[in-house]
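An overview of the molecular structure
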Amino acid sequence: MVVIVALALGLALALQAWVVKPYQIPSGSMEPTLDVGQRVLVNRFIYHLHEPHAGDVVVFHPPAGAETAAECGVDVSDREACPKPTAQESSQNFIKRIVAVGGDTLSIKDGHPVVNGVEKTDEPYIRPCGSSTVCNLPKTITIPKGYFFMMGDNRGASDDSRYWGPVPKAWLVGEAFATYWPPDRIGTL
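Before going into details, it helps to say that this report is about the structure given with it. (Residues numbered from 1 in each chain as written. Predicted model: local features only at pLDDT ≥ 70, side-chain atom pairs only at ≥ 80, totals over all residues. Heavy atoms only, no water.)

**Details of the nonpolar core**
In this structure, Val58, Phe60, Met150, Trp164, Val167 and Leu172 are the most contacted members of the largest nonpolar core, which totals 13 residues. Among the elements of the structure, helix H2 (46–49), strand S3 (57–60), strand S4 (94–101) and strand S9 (147–151) are those that each provide at least two residues to this core. Setting aside residues no more than four positions away along its own chain, Trp164 makes contact with Phe60, Pro62, Pro63, Ala66, Glu71, Cys72, Cys82, Lys84, Pro85, Phe94 and Asp159. If you look at the next biggest cluster of nonpolar residues, it comprises 12 residues, including Ala81, Leu106, Leu137 and Met151. (Core = buried A, V, L, I, M, F, W, Y, C linked by side-chain atoms within 4.5 Å. Buried < 20%, exposed > 50% of the residue type's maximum accessible area, 1.4 Å probe, protein only. Helix = DSSP H or I, 4+ residues; strand = E, 2+ residues; numbered from the N terminus. Contact = heavy atoms within 4.5 Å.)

**Let's talk about the state of the cysteines**
By definition, a disulfide links two cysteine residues through a covalent bond between their sulfur atoms. Within the structure shown, the criterion is met by two disulfides. For Cys72, the disulfide goes to Cys82, at an S-S distance of 1.9 Å. Between Cys72 and Cys82, the S-S dihedral sits near 85 degrees, and the bridge is therefore right-handed. Taken together, the positions of Cys72 in the loop between S3 and S4 and Cys82 in the loop between S3 and S4 put the pair 10 residues apart, joining distant regions of the chain. Accessibility classification places Cys72 together with Cys82 in one group, the buried group. (Disulfide = S-S within 2.5 Å.)

**Quick look at the side chain of Lys96**
Mapped onto the fold, Lys96 is located in strand S4. As a buried residue without a salt bridge, Lys96 has its nearest oppositely charged side chain in Asp160, at a separation of 5.6 Å. Within the local environment of Lys96, its side chain forms a polar contact with the side chain of Ser29, the two groups lying 2.9 Å apart. At a separation of 3.2 Å, a polar atom in the side chain of Lys96 contacts the main-chain carbonyl oxygen of Asp159. (Lys, Arg positive; Asp, Glu negative; His and termini not counted. Salt bridge = Lys/Arg side-chain N within 4 Å of Asp/Glu carboxyl O. Polar contact = N/O pair within 3.5 Å; in protein donor to acceptor, adjacent residues only side chain to side chain.)

**Focus on the environment of Met151**
By the element assignment, Met151 lies in strand S9. Setting aside chain neighbours within four positions, we find Met151 in contact with Met30, Lys96, Arg97, Val99, Ile108, Gly111, Asp160 and Arg162.

**Remarks on unusual backbone geometry**
In the segment running from Glu31 into Pro32, the intervening peptide bond is cis, with an omega of 10 degrees. Following Trp181, the chain continues into Pro182 via a peptide bond in cis, with omega recorded as 0 degrees. Although it is not a glycine, Asp110 adopts a positive phi angle of roughly 55 degrees. Of note, Asp110 is situated in the loop between strand S5 (105–109) and strand S6 (112–115). Given the relative accessible area of 47%, Asp110 is considered partly exposed. A positive phi angle, close to 55 degrees, is found at Asn116, a residue other than glycine. With respect to the helices, strands and loops of the structure, Asn116 is situated in the loop between S6 and strand S7 (118–119).

**What to know about the packing of aromatic side chains**
Taken as a whole and assessed by the stated rule, the structure comprises three aromatic pairs. The interplanar angle of 70 degrees and the centroid separation of 6.2 Å between the aromatic rings of Phe60 and Phe94 together place this pair among those described as edge-to-face. Taken as a pair, Phe60 in strand S3 and Phe94 in strand S4 lie far apart in primary sequence, 34 residues in all. Across the pair, exposure class does not vary: Phe60 and Phe94 are buried alike. (Phe/Tyr/Trp six-rings, centres within 6.5 Å; stacked < 30°, edge-to-face > 60°.)

**What about the pattern of salt bridges?**
Here the structure, examined in full by the defined rule, presents eight salt bridges. The salt bridge involving Asp35 is made with Arg185; its shortest N-O contact spans 2.4 Å. Separated by 150 residues along the polypeptide, Asp35 in the loop between strand S1 (20–24) and strand S2 (39–43) and Arg185 in the loop between strand S11 (172–181) and strand S12 (187–188) bring together distant segments of the chain. Asp160 is the partner of Arg162 in a salt bridge, and the nearest nitrogen-oxygen pair spans 2.8 Å. Across the pair, exposure class does not vary: Arg162 and Asp160 are buried alike.

The structure is reproduced here in structure tokens:
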């Protein structure tokens with residue numbers, strides 16, 4: 001009996017470490033897609049099989065300082081998104097949507113990403129940006145290769161890559177693919 005319990009516990013821990021891990025949504029930055037307290041399952045191995053792409057909802061470690069202050073890795077004007085993160089990785093977990101990948105050019109218009117000159121207005125999952133200072137960032141930046149630009153779906157109330165820069169692939173935990181709590185919000189993302 002002890003061996004069976006130990007094997008079951010070991011299997012459960014291994015699954016969480018390498019395959020699927022549950023996370024709880026800590027803030028309103030992904031509303032209306034994900035509510036505060038909602039729980040999601042994250043596929044931890046998927047990005048070993050294929051590259052992340054725009055539209056993925058991902059759990060990741062932001063740059064150090066992102067959880068307490070909007071710190072960019074370089075000086076920026078108030079007309080551009082942060083093009084480079086600080087060098088250190090935070091131990092915190094964030095969840096956001098990838099809106100641009102390495103090599104893309106990006107600016108922000110009315111809270112929508114303008115990627116490679118094309119404004120992405122077909123985003124039925126977002127909450128409008130409003131009058132936040134990061135709703136319009138017309139100066140174009142280039143996302144470095146191997147990095148991903150993240151934005152919350154609650155565009156006017158999300159601390160995201162606009163403030164602290166793109167995130168390297170090594171800092172990605174995995175892709176959120178399903179919600180399992182509360183029961184009335186069970187489904188896929």
